[in-house]
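# Working through the structure, step by step
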Amino acid sequence: MFTRTSCLSSCQYRIGYGRTGFELAYGPTLPEQIFLNQRKSAVILGAQWGDEGKGKIVDVLSEKFSVVARYAGGHNAGHTVIIAGKKFVLQLIPCGVLRPECKGVIGNGVVLDPMAFLSEVKKLKDAGLKIDGQLFVSNRAQVILPYHRMIELAAENAPGRTKIGTTSRGIGPAYEDKMHRSGLRVIDLLNPALLRTHINNACYEKNTIAQALFGTEPLDPKAIYEEYARAAEQVAPFVTDTAVLLNEAIRAGEKVMFEGAQGALLDIDHGTYPFVTSSSSTSGGAVTGTGVGPTSIGTVIGVTKAYVTRVGEGPFPTEIHDDSATLLRARGQEYGAVTGRPRRCGWLDLPLLRYSNMINGTEWLVVTKMDVLDECAEIPVCTGYKINGKLTDLIPADMRGFEAIQPVYTKLKCWNASTEGITEFDKLPKMAQDYLHFLERESGARIGMVSTGPDRDQTMTLPEFAEALEA
């Protein structure tokens with residue numbers, strides 16, 4: 001065992017883990033070498049409700065990794081990366097492909113819209129990026145088809161239904177078909193006879209349901225088949241058994257990053273149900289969504305904003321309803337990368353962050369949009385909840401529990417100076433340093449990086465984290 005210290009100071013604050021029983025004096029045996037290789041992999045995910053700036057962080061970190069694998073979600077997740085002032089918005093394709101030496105993998109846990117995928121590939125190729133031979137799609141990923149969008153759009157707008165705030169891109173219904181064991185996988189998309197039969201049967205069923213429940217006009221199965229059969233021919237060169245690809249890469253000692261979509265608090269099991277996504281966005285989803293075993297995951301990196309945002313409906317204990325929200329939204333450009341919807345803004349919620357760190361096993365935190373707070377009068381941080389008059393930091397499982405929350409705030413002084421572009425911790429204003437010390441101490445995870453602007457180069461990497469990445 002060893003004592004783990006803060007990245008921001010020499011202050012010791014909690015006990016870390018160790019391992020014994022390996023004698024490396026004369027070099028590791030084969031099983032030991034495989035273990036060491038597996039420790040090189042990492043999961044990176046959103047620690048809040050998504051939109052934490054994962055895209056930029058994955059892009060920055062991908063310089064240290066050979067493979068970046070997306071493990072959940074669909075093209076409802078937008079990752080924005082800015083390189084030398086040029087913006088790239090990725091929805092399905094992992095951010096690693098923006099680096100020529102890094103492979104991108106779309107895992108089996110993703111639901112793939114072939115049209116969205118091909119459109120994104122074309123945009124990247126038009127931008128001069130090399131995609132062929134660098135991007136791979138799991139043959140076991142589920143396929144989104146037009147009737148999934150039809151069902152979701154109709155259901156979301158049906159009278160009397162609780163609005164979840166979906167993007168109506170067919171994500172939920174595609175996952176429903178997956179669990180119902182009636183979905184179409186990418187490997188099936190490539191089989192014309194099977195594809196035709198599947199679309200005919202599915203359209204008969206979905207058209208009947210949509211007409212009966214929502215009065216929706218029926219879809220034409222012949223037109224869908226012809227369109228998707230053509231798309232299948234273009235998707236085919238990217239398709240492989242990505243579980244084999246990833247496991248072989250890990251055994252060979254390559255560093256693999258598993259990229260989450262949305263955020264931990266939108267996880268289907270652990271999020272603010274029912275206002276969640278349809279997949280496992282926590283670190284556990286990296287295992288089921290790629291076919292790589294849990295012992296192959298070396299560390300978990302959580303990305304959190306210096307405040308909190310949320311898109312769509314659902315509980316939000318620290319949501320701001322005054323001019324401070326307008327300030328954060330304007331300075332942080334808080335609008336959806338995919339939908340353009342304005343994001344709800346709130347102060348940092350430490351009980352939720354601690355919960356996220358717990359369920360993910362988060363070891364490192366990346367704090368983004370630090371510079372957005374530069375002009376705040378003061379910075380309230382939620383350190384606990386009061387529910388029915390009792391203090392707690394436990395997260396309610398139901399909506400009634402969330403509705404009863406009264407946040408307990410600790411108000412911190414703002415630094416009122418620009419932090420934009422600062423890449424060394426000691427050059428931050430003293431109050432900004434104090435804010436990060438407070439966040440690290442209260443969250444239970446070490447801060448490894450801080451983002452002080454949207455560009456790739458506006459990123460601070462703390463020394464201990466840099467050493468861990470090189471190990």
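You'll find the structure just up there.
Residues numbered from 1 in each chain as written. Predicted model: local features only at pLDDT ≥ 70, side-chain atom pairs only at ≥ 80, totals over all residues. Heavy atoms only, no water.

## Topic: helix α2 (residues 54-61)
- Counting buried positions along α2 gives eight out of eight residues, so the element sits mostly inside the fold.
- Within α2, the full set of buried residues consists of K54, G55, K56, I57, V58, D59, V60 and L61. (Buried < 20%, exposed > 50% of the residue type's maximum accessible area, 1.4 Å probe, protein only. Helix = DSSP H or I, 4+ residues; strand = E, 2+ residues; numbered from the N terminus.)

## Side note on the pattern of salt bridges
- Counted under the stated rule, the structure contains 25 salt bridges.
- R343 serves as the salt-bridge partner of D51, at 3.5 Å between the closest nitrogen and oxygen. Residue D51 is located in the loop between β3 (42-46) and α2, and its partner R343 is located in the loop between α11 (323-332) and β15 (344-346); the two are separated by 292 residues in the primary sequence.
- By relative accessible area, D51 is classed as partly exposed at 24%.
- Here R446 and E363 are joined by a salt bridge, their closest N and O atoms 2.9 Å apart. (Salt bridge = Lys/Arg side-chain N within 4 Å of Asp/Glu carboxyl O.)

## Observations concerning the packing of aromatic side chains
- Applying the stated criterion across every chain, the model contains four aromatic pairs.
- Just above the ring of Y225 sits the side chain of R196; from NZ or CZ to the centre is 4.1 Å.
- The ring of W364 has R446 sitting right over it, with the charged end atom 4.0 Å from the ring centre. (Phe/Tyr/Trp six-rings, centres within 6.5 Å; stacked < 30°, edge-to-face > 60°. Lys NZ or Arg CZ within 6 Å of the ring centre and 35° of its normal.)

## Some points on the pairing of strand β12 (residues 256-259)
- Taking every second residue as pointing to the same face, both faces of β12 are buried, with V256 and F258 on one and M257 and E259 on the other.
- Both β3 and β12 contribute to a ladder of three bridges, which runs parallel. Residue I44 lies in a different strand from β12, and its bridge partner there is E259. (Pairing = 2+ DSSP bridges.)

All we've got here are geometric facts, nothing functional implied.
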